[in-house]
Amino acid sequence: RMVRLIRVIIHLWRRHNASGRGRRSLAGPGAAAWDDDNYVHGTPESAISRTLSEMTVQRVVLLQLGLLLGFPLFNPSMYTNDCPSSAQYGLDELHRLWWRGVERFSLSTSKAQLASYFASDDRTIYLEDFYRYIFYHNPFCTADSVPPNVASPLDSLSRLFWLGAVPANSVLTPLFFPQAHRL
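Residues numbered from 1 in each chain as written. Predicted model: local features only at pLDDT ≥ 70, side-chain atom pairs only at ≥ 80, totals over all residues. Heavy atoms only, no water.

## Points about the overall build of the protein
Secondary structure assignment for the protein yields six helices and zero strands. Ordered by position in the sequence, the α and β elements of the protein form the string α-α-α-α-α-α. Across the 183 residues of the protein, 18% fall into the buried class. Of the contacts formed within the protein by residues at least 6 apart in sequence, a portion of 49% connects residues at least 24 apart. (Helix = DSSP H or I, 4+ residues; strand = E, 2+ residues; numbered from the N terminus. Buried < 20%, exposed > 50% of the residue type's maximum accessible area, 1.4 Å probe, protein only. Contact = heavy atoms within 4.5 Å.)

## Comments concerning the nonpolar core
Counting residues in each nonpolar core, the largest one holds 15 residues, and the members touching the most others are Trp-98, Val-102, Leu-107, Tyr-117, Tyr-126 and Leu-175. Those elements giving two or more residues to this core turn out to be α3 (86–104), α5 (121–136) and α6 (173–176). Residues within four places of Val-102 in sequence aside, it is in contact with Leu-107, Ser-108, Tyr-117, Leu-172 and Leu-175. (Core = buried A, V, L, I, M, F, W, Y, C linked by side-chain atoms within 4.5 Å.)

Next up, the structure:
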């Protein structure tokens, strides 16, 4: 390929000097004027050259795509995002349900509507989600106690260790646990 390239350059240089009608170069009066217009466009591209050009283009495109997809992996903030685990998300959702019921019935300020809250759909939904959360994060579940092909606590990597503590003199303490309406 080098020999062919040298031959093309010599051929173009001779042709340029023989015709005497090239553009003047910025290099000086005695320098050969090499412009893109002086290249022989009629020379067919070889199969090897075409294949190498296509492979180069493919590699460059793949490299660019790899960089676009790979650069976020080098961003340190990607690994420090505080994405909640399923257990934390479930507990946050359970708290939102509970608080929505407390606020809807104004239980944080008075207990006037306590009986209507315990009979409401808000309390029923909260209790169902509370029991579901306890079930899916049950630390005492074993493989023998779960039927096959059924969602179970064994599917979750989180186990319930501690549900929390509330002050005994709080108005809202009896509302959090499911047995509060039996008090």
